[in-house]
Amino acid sequence: MKALCVVIGLATVMASSLPVLAASDPPPGAASCSGCHSGGATGSSVSRLNGRDAGEIATAMAGFRDGSLPATVMNRIAKGFSDDELRAMAAWLAAQK
């Protein structure tokens, strides 16, 4: 029972912090993502990032940066960010709707 209370408490804290993260200012670099990865574009071949899993976004950015994922543009963009910056951008993008 005590473990259940801890889990419910942690879930409540996490759920209450998501809207704050979503409403926060974007970390450096994240706002520029919307130039190609817009949320409402139809017919675009560039995938939408808002609301996607933060780990998935961070892993892809790291792959573009180290060259393990092929890219024409993202490899150059990703090289400009540190691991902390990539994680911050991924978390912010994941929290967007």
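Before reading on, note that the structure itself is shown above.
Reference entry: report on the structure contained in this document. Note that the structure is a prediction, hence the values are computed from the model and not measured. (Residues numbered from 1 in each chain as written. Predicted model: local features only at pLDDT ≥ 70, side-chain atom pairs only at ≥ 80, totals over all residues. Heavy atoms only, no water.)

Description of the overall build of the protein chain
For clarity, the threshold we go by: Helix and strand assignments follow DSSP, with helices taken as H or I runs no shorter than four residues and strands as E runs no shorter than two, numbered in order from the N terminus. Using a 1.4 Å probe on the protein chains alone, a residue whose accessible area is under 20% of its type maximum counts as buried, one over 50% counts as exposed, and one in between counts as partly exposed. With residues, only the protein chains shown are counted as cover, and all accessible areas are computed by Shrake-Rupley using a 1.4 Å probe.
From N to C terminus, the protein chain includes five helices and zero strands. Along the protein chain, helices (α) and strands (β) appear in the sequence α-α-α-α-α when read from the amino end. Scored against the burial criterion, the 97 residues of the protein chain give a buried share of 22%. Entry remark: accessible area of the protein chain is about 6500 Å², with carbon and sulfur atoms responsible for 65%.

Here's the deal with the environment of Ser 47
Our working rule: Only heavy atoms enter the contact rule, under which two residues are in contact if any of them lie within 4.5 Å. Polar contacts, as counted here, are pairs of nitrogen or oxygen atoms within 3.5 Å of one another; within protein the pair requires one atom able to donate a hydrogen and one able to accept it, and residues that are adjacent in sequence qualify only if both atoms are side-chain atoms.
With respect to the helices and strands, Ser 47 occurs in the loop between helix H2 (30–33) and helix H3 (54–66). Residues Ser 47 and Cys 36 lie eleven residues apart in sequence; the distance between their C-alpha atoms is 8.4 Å. Setting aside residues no more than four positions away along its own chain, Ser 47 makes contact with His 37 and Arg 52. Side chain to side chain, Ser 47 and Arg 52 meet in a polar contact 3.2 Å long.

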